[in-house]
Amino acid sequence: MDFQEAIYTQFAQSFEAQQQALESLPPYIEHAAKVMFASIASGGKVVCIGNSTGSHLAQYFSTLLLDRMDRERPGLPAFNLSGDGAALLSITHNDSYHDVFSKQITAIGNPGDILFVIANRGNTSPIIQAIQAGHERKMNIVALTSP
């Protein structure tokens, strides 16, 4: 396969995935947006986490909420737990990598807050424990994961 054929294949697969997403995801995205809006409107916050490249996307998402997207507006209460290097290192050193998010969520999560998860693999121990901690704190969970 030459480079142009590989590029064409990548674009074709991307279009196919987008078509499948278009057919199935809008109701779920709408529901997630409504849950997030209700939480923020009632004084809640969005706590973002991610693993691997998801950690960068979680950081970007929280920044968009804090700053703005398309037009000027008041900042929304959101932050990312994946980017606090000191906390990550301390928890990993003192406890376990598996607790890296759950300990932070237990400390700062409140009922009605949102735990926003972006994980390319949603079945890793830190992500599972974070979601369990979110449930224990009675947080709403919005997760973007792959199988």
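Here the structure is a predicted model, which means the values were calculated and not measured. (Residues numbered from 1 in each chain as written. Predicted model: local features only at pLDDT ≥ 70, side-chain atom pairs only at ≥ 80, totals over all residues. Heavy atoms only, no water.)

The subject of this paragraph is the pattern of salt bridges. Close approach of charged atoms allows side chains of opposite charge to pair. Taken as a whole, this structure holds two salt bridges when the rule is applied. Lysine 34 is paired through a salt bridge with glutamate 30; the nearest N and O atoms lie 3.2 Å apart. Linking lysine 34 with glutamate 30, this pair stays in helix H2 (residues 26–41), spanning four residues, or about one helical turn. We classify glutamate 30 as partly exposed; its relative accessible area is 44%. (Salt bridge = Lys/Arg side-chain N within 4 Å of Asp/Glu carboxyl O. Helix = DSSP H or I, 4+ residues; strand = E, 2+ residues; numbered from the N terminus. Buried < 20%, exposed > 50% of the residue type's maximum accessible area, 1.4 Å probe, protein only.)

This part covers the packing of aromatic side chains. For the coordinates displayed, the defined rule picks out two aromatic pairs. Ring geometry for phenylalanine 11 versus phenylalanine 15: centroids 6.2 Å apart, planes at 35 degrees, classification tilted. Here phenylalanine 15 and phenylalanine 11 lie together in helix H1 (residues 3–24), a separation of four residues that amounts to about one turn. Across the pair, phenylalanine 15 and phenylalanine 11 agree in class, each one exposed. Ring geometry for phenylalanine 61 versus phenylalanine 116: centroids 4.2 Å apart, planes at 20 degrees, classification stacked. With phenylalanine 61 in helix H3 (residues 53–66) and phenylalanine 116 in strand E3 (residues 114–119), this pair connects stretches of sequence that are 55 residues apart. Under the relative-accessibility criterion, phenylalanine 116 is labelled buried at 6%. (Phe/Tyr/Trp six-rings, centres within 6.5 Å; stacked < 30°, edge-to-face > 60°.)

Attention now moves to unusual backbone geometry. With phi around 55 degrees, serine 52 is a residue other than glycine that occupies positive phi space. Mapped onto the elements, serine 52 comes out in the loop between strand E1 (46–51) and H3. Here lysine 138, not a glycine, exhibits a phi torsion of approximately 60 degrees, which is positive. Judged by relative accessible area, lysine 138 falls into the exposed class, the value being 60%.

It is worth spelling out the sheet that holds strand E4 (residues 140–145) at this point. The strand order across the open sheet formed by four strands is E2-E1-E3-E4, and the pairing between neighbours is parallel. Strands with a single pairing partner mark the edges of an open sheet, and in this sheet they are strand E2 (78–80) and E4. The sheet shows a mean angle of 20 degrees between the axes of neighbouring strands, direction not considered. In terms of strand pairing, E1 meets E3 through six bridges, oriented parallel. Pairing of valine 46 across the sheet is with isoleucine 114, part of E3. Packed onto the sheet, H3 meets E1, E2 and E3 and runs at close to 160 degrees relative to E1. Running over the sheet, helix H6 (residues 125–136) touches E1, E3 and E4 and is turned about 165 degrees from E3. (Pairing = 2+ DSSP bridges. Axes fitted to C-alpha atoms, helices over the stretch in contact; angles between N-to-C directions. Contact = heavy atoms within 4.5 Å.)

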